Amino acid sequence: MKDILLKRPSENQTEDLVNAMVESMRYSDNLVVYPSFDNVVKGEVPPEIFYNAYAGLGNDSERTAIHQYVTMQALHEDISTAMLGIAITEMKHMDRLGDLIVSLGGTLDQKWSNDMIKYGDTPEEALQLAIDGEEATINSYQKLVAELALYKNPTADICIQFINKLIADENIHIGVFKDLLDKVQKSGEKA
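Since we're looking at a predicted model, the values are computed, not measured.

Visitor: Explanation requested: the packing of aromatic side chains in the structure shown.
Guide: Note on aromatic pairs: each is described by the distance of the centres and the angle between the planes. According to the stated counting rule, one finds three aromatic pairs in the structure shown. Ring geometry for F37 against F162: centres 5.3 Å apart, planes inclined by 80 degrees, an arrangement best described as edge-to-face. Here F37, found in the loop between α2 (13–24) and α3 (51–55), pairs with F162, found in helix α7 (residues 154–190); they are 125 residues apart in sequence, far enough to count as distant. Judged by its relative accessible area of 9%, F37 is buried.

Visitor: Looking at this model, I keep getting lost on the packing of helix α4 (residues 62–75) against helix α6 (residues 123–149). Mind explaining?
Guide: Two packed helices can be described by the angle between their axes and the distance between those axes. Two elements in contact, α4 and α6, have axes whose closest approach is 11 Å; the angle formed by their N-to-C orientations is 165 degrees. As far as their axial angle goes, α6 and α4 are roughly antiparallel. The crossing of α4 and α6 is left-handed. For the pair α4 and α6, contact is made by E62, Q68, Y69 and M72 and by A126, L129, A130, E134, T137 and Y141, respectively.

Visitor: What exactly am I supposed to notice about helix α5 (residues 80–103) here?
Guide: The end-to-end C-alpha distance of α5 is 34 Å, a good match for the 34 Å that 24 residues give at a rise of 1.5 Å each. Note on α5: the residue one or two positions beyond its end, G105, has a positive phi of about 95 degrees.

Visitor: So what exactly am I meant to see when it comes to the pattern of salt bridges here?
Guide: If the charged atoms of two oppositely charged side chains come close together, the side chains can form a pair. Applying the stated criterion to the full structure yields three salt bridges. As a salt-bridge pair, K92 and D95 come within 3.2 Å of each other at their nearest N and O atoms. Placement of both K92 and D95 in helix α5 is noted, with a separation of three residues, approximately one turn of the helix. Of the residues examined, K92 reaches a relative accessible area of 5% and is grouped as buried. Residue D95 is classed as partly exposed on the basis of its relative accessible area, which comes to 32%. The salt bridge involving D182 is made with K186; its shortest N-O contact spans 3.2 Å. Residue D182 and its partner K186 are both found in helix α7; the two are separated by four residues, about one turn of the helix. Residue D182 is classed as partly exposed on the basis of its relative accessible area, which comes to 35%. For K186, a relative accessible area of 43% puts it in the partly exposed group.

Parameters at a glance
Residues numbered from 1 in each chain as written. Predicted model: local features only at pLDDT ≥ 70, side-chain atom pairs only at ≥ 80, totals over all residues. Heavy atoms only, no water. Phe/Tyr/Trp six-rings, centres within 6.5 Å; stacked < 30°, edge-to-face > 60°. Helix = DSSP H or I, 4+ residues; strand = E, 2+ residues; numbered from the N terminus. Buried < 20%, exposed > 50% of the residue type's maximum accessible area, 1.4 Å probe, protein only. Axes fitted to C-alpha atoms, helices over the stretch in contact; angles between N-to-C directions. Parallel < 35°, antiparallel > 145°, perpendicular 65-115°, else oblique. Left-handed = near helix turned anticlockwise from the far one by under 90°. Contact = heavy atoms within 4.5 Å. Expected span 1.5 Å × (residues − 1). Salt bridge = Lys/Arg side-chain N within 4 Å of Asp/Glu carboxyl O.

In structure tokens form, the structure reads like this:
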């Protein structure tokens, strides 16, 4: 990370540091990159189609995942490292979604509530909830890609590339959660 910051200093070194950290963790698919939003054109894609992904009330929004995983990290020591690492990756997703929404001319002041979020009473329950949430998110993102494909313009292509990056990361998260669930279940059987 230090080398990245020394070679590419920008006005926002905090973002450079976070990007380097997220991309170096095992919770992000480094083979799929975030696209630049420099060529996004307002009016080619409505920003509202990204509002649910940003801060929807269901278990398929980035804001919900962040809140859920940070809370699960505090509640369940056995899975805390992965929960925090994935929560940080989800924060990057939300950050980039916010950048995209603003680039498209949208606003970020959507109302949100944690009233419906479940955390699980055990690490096993927490991990299953996390897997279910990641699967719901991928399903929502796949529907979003199909919707974006209808616009047939360069901005939609950028948006599709971006959503495909998020899907790639969410698939990594499912794998991590499933591996952890298997380990937690096997350690419980030995007790």
